[in-house]
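# Topology and contacts: notes
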2 protein chains.
Amino acid sequence: MSLVRIEEGSALVEVPKKVVEHITERNEVFYNPAMAVNRDLTVLLLRVFVKEKDRPIKVAEPLAASAIRSIRILKEVPNVEKVYINDISLDALKYAKRNLELNRIDPAKVEIWNEDANVFLLKTKYFDYIDIDPFGTPVDFLDATAKALAHRGVAGITATDTAPLSATYPKTCLRRYFAKPIENEFYHEVGLRILIKKIAEFFFQYDIPIEVLFSYSYLHHFRVFVKRYRGARRVDEIMKTSIGYLLYCHKCLYRGTIPFDRLRELDTTCPVCGHKLDFAGPLWVGKLWNEQYVEGMLEELPHIRHQKETEKLLKVIREESKLQTVGFYTLSALGKTFKLPSLPRKKDVLKVLSGVPTHFSGEGFRTNLDHKEVIERIKALV
Amino acid sequence: MSLVRIEEGSALVEVPKKVVEHITERNEVFYNPAMAVNRDLTVLLLRVFVKEKDRPIKVAEPLAASAIRSIRILKEVPNVEKVYINDISLDALKYAKRNLELNRIDPAKVEIWNEDANVFLLKTKYFDYIDIDPFGTPVDFLDATAKALAHRGVAGITATDTAPLSATYPKTCLRRYFAKPIENEFYHEVGLRILIKKIAEFFFQYDIPIEVLFSYSYLHHFRVFVKRYRGARRVDEIMKTSIGYLLYCHKCLYRGTIPFDRLRELDTTCPVCGHKLDFAGPLWVGKLWNEQYVEGMLEELPHIRHQKETEKLLKVIREESKLQTVGFYTLSALGKTFKLPSLPRKKDVLKVLSGVPTHFSGEGFRTNLDHKEVIERIKALV
């Protein structure tokens, strides 16, 4: 079989040529070059994470494929005790092993498994870091991940089924995530928040509280890093503050949230324009980023070989994480809704609204100002 | 260790004496004599189920303990190919094996496993029938059950954590079941419906539709039998018709439902008395019984040795399944709410309201009549 050599970070891997050319679920060994940013961010986050630990960490990659992620973690993250590399395909493992050799990985640092990903996690638990990077939805792996993650451990979870989560296929979202998505200017953010709600459910059912350390939407995937803790009381607190519904007015762009267990207080009339409100959720209305982690990842950036896009994304998120609102505005939605004769410049908008940019949309911005105030100041700008 | 012999159905088992005396989670071999009704109903349902099949069925008991349930299934249900008996405790398996011998079970009819229940299910799938009978909540086993159940297979699931489900511990219910319970006259029914919603979520996320064949609340447990089918479109249909929220008026006892994805239509004002409505859910608002199964189980009753309580329960449910309303009324709640000078006789109430009794409460009844009509006719009776 014809092979292609790929360099990424400090890893050098060989994968079958057809895999790079045709990325589909059917490929035996899955290598997606667009995922380099995903892996850069994983390495950066883990470099921050290991500093918290007073001992080397134990890592699991249940869907390892070419093992490029495991190799990068082993070469680019200090203080990794061992990476458990699993794939259900023996063919994938053949390439994984070859790549481990190619990168001169110490065999004592890895353990190779050929199991169903969930059986693997349940039999080898517990791990300080688990990476779930499937083709499509991660739901198949969430229960075992919640069970196999060690106290104060981190899970990095990818979802490539962004279409259902972002309201292109709302029925699929209802079935798979038990939440209603929405078509509006920040539908990707809503999709990411629905994904986090789903992840949270699996942890909460076992009385495990979680914190979102980092999350983003990039090209055709969502990615979330959650850290788990202990304590049912803490879960109760997070349920109250971080799980809810989004309320949204398609007429005037008003947005608000209501806690999951406080539907009694729901008023479906827009408080600004009186139109009927739409809703999305249940979803995560808590923070999408831990600011210390974002800063830490930026500090680690010069120490690894990374994609330009990784840096760009991180720098926007650094700004964005300072105003963690639920939802953001876009210039085009404002222009269309309020029939503005022209669109204001984003720079001016950020200034008059004390706003921050968002990585979800180049023309988007977040602000803490009241909705009416936003509209007035935008109108005054044009 | 001192042993006790127990006869139940056509099974004879020996369990350690202390187990019968002190039923706690810590017991090595778990035998709960109050569960005889649970096992009677399991055998009856399976006797109906096997008639649908043109081949012998494959059964799994992932939490087998003394194996009394497996033994009863093997002795009392025709056309069982094999029962996979699993327990994580070697001590429990020691008794299970002894009991299999004591009952002269053909060794070719059983396969013994000593694994984590979820690993066992994932490694041995698929099954026509899976029985989940844990101490406490079944949530730990739902993901693997959804993955391991064969097309047109049935899962029988017990929950003994009725206190959270029935609003004694509402925060635990939120964490564990992602639903709000409610304190009212039919809180047990709400608890059962929340449990079914949770079970449904695990199946729906894999595009698997389910039907509730039979369910009930008895002493300190809830029990649900679901049958799985195929087809995402069918899941969409069930989401629409069978998942929703309960709306409830604590002032006038009005109750209604609203579909899960139609919160836009929510009005939190009681349409009867104008009071603020409370809510519960999301929960299962679909049918709790398949009437053909209920009839079939009653027909099988004379063919097995059973508890008197089993017959009593089944006969009430036969009546109850004819009016599958969400929620029911109780005489005491009506009396208290409407300050009735005396309580009408249940017989008279059933007559004037064309009602049916409910197994959830001796003083409860279901009716299809409009809420206002119910109140008027009740008032006219006293």
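To keep things clear, this report deals only with the structure shown in the data block.

Quick notes on the rules
Residues numbered from 1 in each chain as written. Chains lettered and ligands numbered in written order. Predicted model: local features only at pLDDT ≥ 70, side-chain atom pairs only at ≥ 80, totals over all residues. Heavy atoms only, no water. Pairing = 2+ DSSP bridges. Helix = DSSP H or I, 4+ residues; strand = E, 2+ residues; numbered from the N terminus. Axes fitted to C-alpha atoms, helices over the stretch in contact; angles between N-to-C directions. Contact = heavy atoms within 4.5 Å. Buried area = accessible area lost by both parts, 1.4 Å probe. Salt bridge = Lys/Arg side-chain N within 4 Å of Asp/Glu carboxyl O. Polar contact = N/O pair within 3.5 Å; in protein donor to acceptor, adjacent residues only side chain to side chain. Least-squares fit on C-alpha atoms with pLDDT ≥ 70 in both. Core = buried A, V, L, I, M, F, W, Y, C linked by side-chain atoms within 4.5 Å. Buried < 20%, exposed > 50% of the residue type's maximum accessible area, 1.4 Å probe, protein only. Patch = residues over 30% accessible without salt bridge, like charges linked within 9 Å, V, L, I, M, F, W, Y side chains within 5 Å. Areas by Shrake-Rupley, 256 points an atom, 1.4 Å probe, with all protein chains shown as cover. Phe/Tyr/Trp six-rings, centres within 6.5 Å; stacked < 30°, edge-to-face > 60°. Lys NZ or Arg CZ within 6 Å of the ring centre and 35° of its normal. Left-handed = near helix turned anticlockwise from the far one by under 90°. Nonpolar A, V, L, I, M, F, W, Y, C, P; charged D, E, K, R; others polar. Disulfide = S-S within 2.5 Å.

What follows is about the sheet that holds strand 3 (residues 57-61) of chain A. Residue and element names in this part refer to chain A. An order of 5-4-3-6-7-9-8 is seen for the 7 strands of this open sheet, with the pairing classed as mixed. The outermost strands of the open sheet, each flanked by one partner alone, are strand 5 (110-113) and strand 8 (210-218). Recorded for the sheet is a direction-independent mean angle of 15° between the axes of neighbouring strands. Pairing analysis gives 5 bridges linking strand 3 to strand 4 (residues 80-86), with the strands arranged parallel. Within the sheet, the bridge partner assigned to alanine 60 lies in strand 4 and is tyrosine 84. Helix 6 (residues 139-148) rests against strand 6 (127-132) and strand 7 (149-159) of the sheet, and its axis sits at about 160° to strand 7.

Turning our attention to the interface of chain A and chain B. Counting from both sides, the interface comprises 45 residues of chain A and, opposite them, 45 residues of chain B. For the pair chain A and chain B, the summed buried area comes to about 4,200 Å², and 59% of that belongs to carbon and sulfur atoms. On the chain A side of the contact with chain B, Arg175, Phe178 and Arg264 of chain A bury the most area, a combined 22% of that side's loss. Counting every contact that joins chain A to chain B gives 6 salt bridges. Linking lysine 123 of chain B and glutamate 115 of chain A is a salt bridge whose minimum nitrogen-to-oxygen distance equals 2.7 Å. Linking chain A with chain B are 17 residue pairs in polar contact (both at pLDDT 80 or more).

Turning next to the relation of the copies chain A and chain B. Take chain A, turn it by 180°, move it 0.0 Å along the axis, and it overlays chain B with an RMSD of 0.0 Å. A rotation of that kind, with that shift, is consistent with a two-fold axis. In terms of proximity to the rotation axis, the leading residue of chain A is valine 119 of chain A, whose C-alpha is 2.8 Å off the axis. Mapped onto chain B, 100% of the interface residues of chain A again fall at the interface, so both copies present the same surface.

Core analysis: the biggest nonpolar cluster contains 260 residues, and Phe204 and Phe214 of chain A together with Phe204 and Phe214 of chain B have the highest contact counts within it. Sequence-distant contacts of phenylalanine 204 of chain A, defined by excluding residues within four places in its chain, comprise Pro209, Ile210, Val235, Ile238, Met239, Ile243 and Trp284 of chain A together with Arg175, Arg176 and Phe178 of chain B.

All names here are of chain B. Residues Val352, Leu381 and Val382 make up a contiguous nonpolar surface patch of roughly 170 Å² in combined accessible area. In this fold, valine 352 is placed in helix 14 (residues 346-352). On the accessibility criterion, valine 352 (30% relative accessible area) is partly exposed.

On to the pairing of strand 9 (residues 221-228) of chain A. Residues and elements named next belong to chain A. The buried fraction of strand 9 is high, at 8 of 8 residues. On strand 9, burial covers both faces: His221, Arg223, Phe225 and Lys227 on one face and Phe222, Val224, Val226 and Arg228 on the other are all buried. Bridging between strand 7 and strand 9 involves 6 bridges; their strand directions are antiparallel. Its bridge partner being in strand 9, threonine 158 is matched across the sheet by arginine 223.

Further remarks concern the sheet that holds strand 15 (residues 361-366) of chain B. Residues and elements named next belong to chain B. Read from one edge to the other, the open sheet built from 3 strands follows the order 13-15-14, with strand pairing classed as antiparallel. The open sheet terminates on both sides in strands that have one partner only, identified here as strand 13 (329-330) and strand 14 (356-358). In this sheet, strand 15 lies alongside strand 13 in antiparallel orientation, the contact comprising 2 bridges. In the strand pairing of strand 15, tyrosine 329 is matched with phenylalanine 365.

Per the stated rule, a full pass over the model turns up 25 aromatic pairs over all chains. Ring centres 5.9 Å apart and planes at 15° place the aromatic pair phenylalanine 328 of chain A and phenylalanine 360 of chain A in the stacked group. Placement of phenylalanine 328 of chain A in the loop between helix 12 (308-320) and strand 13 (329-330) and of phenylalanine 360 of chain A in the loop between strand 14 (356-358) and strand 15 (361-366) is noted, with a sequence separation of 32 residues between them. The two residues phenylalanine 328 of chain A and phenylalanine 360 of chain A agree in class, both being buried. Note that arginine 234 of chain A overlies the ring of tyrosine 229 of chain A, its terminal NZ or CZ placed 4.1 Å from the centroid. Across from the ring centre of tyrosine 329 of chain B, 3.9 Å away, lies the NZ or CZ of arginine 255 of chain B, which sits over that ring.

Turning next to the environment of glutamate 320 of chain B. All names here are of chain B. With respect to the element layout, glutamate 320 can be found in helix 12 (residues 308-320). Ignoring any residue separated from it by four or fewer positions in sequence, one finds glutamate 320 in contact with Trp289, Val356, Pro357, Thr358, His359, Phe360 and Arg366. Among the polar contacts made by the side chain of glutamate 320, one reaches the side chain of arginine 366 at a distance of 2.8 Å.

Okay, the packing of helix 2 (residues 36-52) of chain A against helix 3 (residues 68-76) of chain A next. Residues and elements named next belong to chain A. It is at 10 Å that the axes of helix 2 and helix 3 come closest, and there the two elements cross at 35°. Regarding helix 2 and helix 3, the two cross each other, and that crossing is right-handed. In contact with Ala36, Asn38, Arg39, Asp40, Thr42, Val43, Leu46 and Arg47 of helix 2, helix 3 contributes Ile68, Arg69, Arg72, Ile73 and Glu76. Looking at the contact of helix 2 with helix 3, its residues break down into 5 nonpolar, 2 polar and 6 charged.

All names here are of chain A. Taken as a whole and judged by the stated rule, the model has 0 disulfides over all chains. With no disulfide of its own, cysteine 273 has cysteine 249 as its nearest cysteine by sulfur position, at a separation of 3.5 Å. Residue cysteine 273 is classed as partly exposed on the basis of its relative accessible area, which comes to 31%.

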